[in-house]
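Examination of the molecular architecture
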Amino acid sequence: MNNHISNALPIMVNNYSKMFGVSVRMQGTSAYTNGKTITIPRLDINNPAKARLAYGYLAHESAHVRYTDFKLIKNEFIKDDLLRFSLFNILEDSRIEALISREYIGVYENLSLLNDYYENDWQTFCQNASKINVLNVVLSFIQAYSQVHCQHFYSSRKRALTLYIHLKKRMKERLVKKIAKLTKACSKAKSSKEVLFYVDEIYGILASDENDFKNEKLKFMSEQKLNDELREYEERHGKITDEHQKKFIKELIKLKLATKGDPSNATPCQSAAKIVEENGSGQSSSSREDLGLFNEKECQPGRQDYIRHIDSSYSLRRALNMKVRSYVEAFGFTTDKGTRIDPLKAQKVCVGEQNIFKDRVSNSGFSTSVHILVDVSSSMLTSDGLEYTRCEEACKVALMICMALEGIDGVKTMATYFPGETSEYEIALRDNEKASRVASRFDQRPRGSTPLAQGLWYAFEKIEKLECRRNIILVITDGMPDSVNNVDSCFKYAKKRNVEIYGLSIRSSLILKLFEKAQVLENASELEKVSFALFNKLFDSKEYSQEFEKLG
């Protein structure tokens, strides 16, 4: 039975793809769809319990494809308003889950299991509701109460009642009852457009003069931080003179800060990151294995003249190339020595023959693999106010290093980008390729999440196949990975096998908590200089002569 559950996911993916005309991929820590592609978070489908969570996400996003009007979501009126979008997302989620549960047998159990997974988070949320900003509590109440009437989840009843009682202490009871009534009525909505009608009604209650948010001592953020955010808001949108409007704007700011602008953090059971962190599959599988796609993906080519974008780094590349060649000459010599003399060669000593031994001994200790992992997640789109984005700088540096190491005997160079367009990582350069011939693959654009662990496991897999004496991995990133636990496992694995991992992080000191050897850069423009300095040191023959002797 367990094997049946695990092996069924690729089949179900294929069926859902045919039924709804979409492609499905498993990567990162989020579940979402744009109506054409469904992305579900990566979970270990070899574990039956975790596989059922994956089924739940797949069913939920497929329901959006089948029943949600995506034209409404693209409307800036909804998309650019965190509260309105969160309200719509919560109520629409309940509506579409109820519909797909009635249409497809077995879906309800998986959705219910997914909902119950967050029971401890809900209990903690309810117990600490007084320390949470009121709009988060309102959204959580609406989610639980809509689940009572749409999906009929038993666990949602207690949650809804607890939050209802709490809200009456922080808002006018009459308004809380109105919100509850509208939420219940929305369970009968026949379309996304009808859901939006109820969203606007609830939004109107929260923003109206009638709803005078009770003044309360802030327990979840500093008053100074709130005032700073309010000033920034007024600089962009103009001075707020109406006191009630100012109170409402403050509540919206609190919501934005509490969720970090991500609607999936608005309630205790929408974000998939927690499930992935606790149930990530680690080394054992990748998105290709999960979904039955076994072909190694390579980066789609970008601009054909991309190699010209690193013209300015020629002197650095040449200097690095010479440095590495010097390193190889120091450790990669081939000599002729031994105890057995070759008689034929010995006869030629009088004419200058120096190689008189039968044995030719090569020192293979210098063989080195260099694997560059480049983060091209959505946050790399940031430019930090400079001419090029973080992604553009990282791509150029990756190509610069690979070009500098090209053609050096004994040095195997690779480059991999994460995430890929359709998988968790895609290959820009294989160990048997020349960067100069595939330079266009290095021209990539930001997309998706940060599946660093999957990129590292791929790098480890290549290391095992190449069997080089020294192995270096350079990670260029600007934030934390999808799964800290999985990445931590990668570092433990690397340490046991003497794999050197170095990190260059753009404006994110969080990387220092993960990497033993890392450097934080002020902005992406420093990448070229710092990466050159790093490799210049890594291939310093004097620096590594003692380490080389230890290797024997």
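Our subject in this report is the structure included herewith. Owing to the predicted nature of the structure, the values given are computational and were not obtained by experimental measurement. (Residues numbered from 1 in each chain as written. Predicted model: local features only at pLDDT ≥ 70, side-chain atom pairs only at ≥ 80, totals over all residues. Heavy atoms only, no water.)

1. Here's the deal with the packing of helix 12 (residues 223-237) against helix 13 (residues 243-259)
Applicable threshold: A fitted line through C-alpha atoms represents every axis, and for helices the fit uses only the stretch in contact; the resulting angles, taken between N-to-C directions, go from 0 to 180 degrees. A helix here means a DSSP run of H or I that spans at least four residues, while a strand means a run of E at least two residues long, and both kinds are numbered starting from the N terminus. Any angle that falls under 35 degrees is termed roughly parallel, while one over 145 is termed roughly antiparallel, one within 65 to 115 roughly perpendicular, and all others oblique. Helix crossings fall into two classes, left-handed where the near helix is turned counterclockwise from the far one by less than a right angle and right-handed where it is turned clockwise. Contacts are residue-level and defined by heavy atoms, with any inter-residue pair within 4.5 Å sufficient. In the scheme used here, Gly and all other residues not listed as nonpolar or charged are polar, with Ala, Val, Leu, Ile, Met, Phe, Trp, Tyr, Cys and Pro taken as nonpolar and Asp, Glu, Lys and Arg as charged.
Here helix 12 crosses helix 13 at 110°, and the two axes come no closer than 10 Å. Relative to helix 13, the element helix 12 lies roughly perpendicular. Where helix 12 crosses over helix 13, the handedness of that crossing is right-handed. Counted together, Glu-223, Lys-225, Leu-226, Asn-227, Glu-229, Leu-230, Tyr-233 and Glu-234 of helix 12 and Lys-246, Ile-249, Lys-250, Ile-253, Lys-254, Lys-256 and Leu-257 of helix 13 form the full contact between these two elements. Its residues assigned to classes, the contact of helix 12 with helix 13 comprises six nonpolar, one polar and eight charged.

2. As for the nonpolar core
The cut-off we apply is this: Here the nonpolar core consists of buried residues drawn from Ala, Val, Leu, Ile, Met, Phe, Trp, Tyr and Cys, with membership extended through side-chain atoms lying within 4.5 Å. Only protein chains enter the area calculation, which uses a 1.4 Å probe; residues under 20% of their type maximum are buried, those over 50% are exposed, and those in between are partly exposed.
Counting 70 residues, the largest nonpolar core has Leu-83, Phe-141, Ile-142, Met-171 and Leu-206 as the members making the most contacts within it. For this core, the element with the highest residue contribution is helix 5 (residues 82-103), accounting for nine residues. In this structure, Tyr-327, Met-380, Leu-405 and Leu-521 belong to the second largest nonpolar core, which totals 50 residues.

3. A word on the state of the cysteines
Inclusion rule: What counts as a disulfide here is a pair of cysteine sulfur atoms lying within 2.5 Å.
What the rule picks out here adds up to zero disulfides. Left without a disulfide partner, Cys-186 is nearest to the cysteine sulfur of Cys-150, which lies 6.8 Å away. Overall, Cys-186 belongs to the buried group, its relative accessible area being 3%. For the unlinked cysteine Cys-391, the closest cysteine sulfur is that of Cys-395, found at 4.0 Å. Taking relative accessible area as the criterion, Cys-391 reaches 1% and is therefore assigned buried.

4. So, the sheet that holds strand 7 (residues 411-418)
Quick note on the threshold: In this description, strands pair whenever DSSP reports at least two bridges between them.
Strands sit in the order 8-7-6-9-10-11 across an open sheet of six strands; the sheet is mixed. Edge positions in the open sheet fall to strand 8 (426-429) and strand 11 (518-521), since each of these has one partner strand only. Here the strands of the sheet are splayed against their neighbours by 20° on average, with no regard to which way each runs. In the sheet, strand 7 pairs with strand 8 via three bridges, with the strands oriented antiparallel. Residue pairing across strands places Ala-415 opposite Leu-429, the latter belonging to strand 8. Lying on the sheet, helix 21 (residues 527-538) is in contact with strand 6 (368-375), strand 9 (470-477), strand 10 (500-506) and strand 11; it crosses strand 10 at an angle near 165°.

5. Digging into the sheet that holds strand 2 (residues 32-33)
Hydrogen bonds between backbone atoms are what pair the strands of a sheet, whose relative direction is either parallel or antiparallel. Taken together, the three strands give an open sheet; going across it, the order is 1-3-2, and neighbouring strands pair in mixed fashion. What marks the edges here is a single partner per strand, and that holds for strand 1 (23-26) and strand 2. Pairing analysis gives four bridges linking strand 1 to strand 3 (residues 37-40), with the strands arranged parallel. Residue Ser-23 lies in a different strand from strand 3, and its bridge partner there is Thr-37.

6. Describing the packing of helix 8 (residues 134-149) against helix 9 (residues 155-170)
For any two helices packed against each other, the geometry comes down to the angle between their axes and how far apart the axes lie. Look at helix 8 against helix 9: their axes get within 8 Å of each other, and the N-to-C directions meet at 145°. Note that helix 8 runs across helix 9; the crossing there is left-handed. Residue-level contacts link Val-134, Val-137, Val-138, Ser-140, Phe-141, Ala-144, Tyr-145, Gln-147 and Val-148 of helix 8 to Ser-156, Arg-157, Arg-159, Ala-160, Leu-163, Tyr-164, His-166, Leu-167 and Arg-170 of helix 9. Its residues assigned to classes, the contact of helix 8 with helix 9 shows eleven nonpolar, four polar and three charged.

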